[in-house]
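Observations on chain architecture
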Amino acid sequence: MSPRSTAWTNHRSLPAEPEIEPNPHLQQVGKFIAATGADIHYGGDRACYVPSRDLICVLPPLSAFRSPEQFRATELHELAHWSGAASGLTAIFPAASARNPCPAEELVAELTAAFLCAHLGVTGELRHAGYIDSWLTLLRGDRRAIFTAASKASQAADYLRAFSEQETRNEAA
């Protein structure tokens, strides 16, 4: 999808976050995501982060996922991409674009999402099996890549957790 497509130019008209069935746990995950302040727009047919606009532009509707947990896991994956461009973390991800994602960035984003899913108790599976071949190539070419990716994912997860921790402290004050 190019920046000139209708979805980009009319992103303000996309629907708001979908209602997720009255599941208090997944609503808490939604609050965790909202606490980051990331610019997320819902609708379209694929999830992507757009670095040039610093927004998670099009996250497919809830109905495109097998479960609400899978929807939340995908939100967390895209939020991981967003964290790479967020203040202080630009060095976490190598340069990539929405059209040409870097295997290392995708591996870090997937690991970040896995860490956050574990932290938040999200049991949905992550949907990025299509990246596995590129990850295997990356990992075969650099034996330390998994350690680097895990370290960067841990940094990104910590960064994202800090938003909700700050909000919790503010609510308690």
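Residues numbered from 1 in each chain as written. Predicted model: local features only at pLDDT ≥ 70, side-chain atom pairs only at ≥ 80, totals over all residues. Heavy atoms only, no water.

The next point concerns the overall build of the protein chain. Within the protein chain one finds 6 helices and 3 strands. Along the chain direction, N to C, the helices and strands of the protein chain fall in the order α-α-β-β-β-α-α-α-α. The burial tally for the protein chain puts 42% of its 173 residues in the buried class. Carbon and sulfur atoms make up 52% of the accessible area of the protein chain, which amounts to about 9200 Å² in all. (Helix = DSSP H or I, 4+ residues; strand = E, 2+ residues; numbered from the N terminus. Buried < 20%, exposed > 50% of the residue type's maximum accessible area, 1.4 Å probe, protein only. Areas by Shrake-Rupley, 256 points an atom, 1.4 Å probe, with all protein chains shown as cover.)

Further remarks concern the packing of helix α4 (residues 103-120) against helix α5 (residues 132-141). One way to put it is that α4 packs onto α5 with a least axis distance of 9 Å and a crossing angle of 105°. The angle between α4 and α5 falls in the class roughly perpendicular. Here Pro103, Ala104, Glu106, Leu107 and Glu110 of α4 lie close against α5, whose contacting residues are Ser134, Trp135, Leu138 and Leu139. (Axes fitted to C-alpha atoms, helices over the stretch in contact; angles between N-to-C directions. Parallel < 35°, antiparallel > 145°, perpendicular 65-115°, else oblique. Contact = heavy atoms within 4.5 Å.)

With that out of the way, let us pick up the packing of helix α2 (residues 24-35) against helix α3 (residues 68-85). At their nearest, the axes of α2 and α3 sit 11 Å apart, and the two run at 15° to each other. In this view, α2 runs roughly parallel relative to α3, as classed from their interaxial angle. For the pair α2 and α3, the crossing hand works out as left-handed. Across from Leu26, Val29, Gly30, Phe32 and Ile33 in α2, the residues of α3 making contact are Pro68, Glu69, Arg72, Glu75, Leu76 and Leu79. Among the residues forming the contact of α2 with α3, the class breakdown is 7 nonpolar, 1 polar and 3 charged. (Left-handed = near helix turned anticlockwise from the far one by under 90°. Nonpolar A, V, L, I, M, F, W, Y, C, P; charged D, E, K, R; others polar.)

Structural remark: α-helix, 3.6 residues per turn; residues separated by three or four positions point the same way. For α2, built from 12 residues, the straight-helix expectation of 16 Å at 1.5 Å per residue is met to within 8% by its first-to-last C-alpha distance of 16 Å. Among all positions in α2, only Leu26, Val29, Gly30, Phe32, Ile33 and Ala35 are buried. You can read the cap of α2 off the contacts: a side-chain oxygen lies 2.9 Å from the backbone nitrogen of His25, and it is on Asn23. Of the residues trailing α2, Gly37 is marked for its positive phi of about 75°. (Expected span 1.5 Å × (residues − 1). Polar contact = N/O pair within 3.5 Å; in protein donor to acceptor, adjacent residues only side chain to side chain.)

This paragraph deals with the nonpolar core. Phe32, Ile33, Leu76, Leu79, Trp82 and Leu160 are the most contacted members of the largest nonpolar core, which totals 25 residues. Secondary-structure elements contributing two or more residues to this core are α2, β1 (40-42), β3 (55-59), α3, α4 and α6 (145-172). When residues in this core are grouped by element, the largest group, 5 residues, is from α3. Membership of the second largest hydrophobic core comes to 6 residues, among which are Leu107, Val108, Trp135 and Ala153. (Core = buried A, V, L, I, M, F, W, Y, C linked by side-chain atoms within 4.5 Å.)

Moving on, we come to the environment of Gly37. You can see Gly37 is positioned in the loop between α2 and β1. In sequence terms Gly37 and Phe163 are 126 residues apart; their C-alpha atoms lie 8.6 Å from each other.

That's the geometry; what it means functionally is another story.
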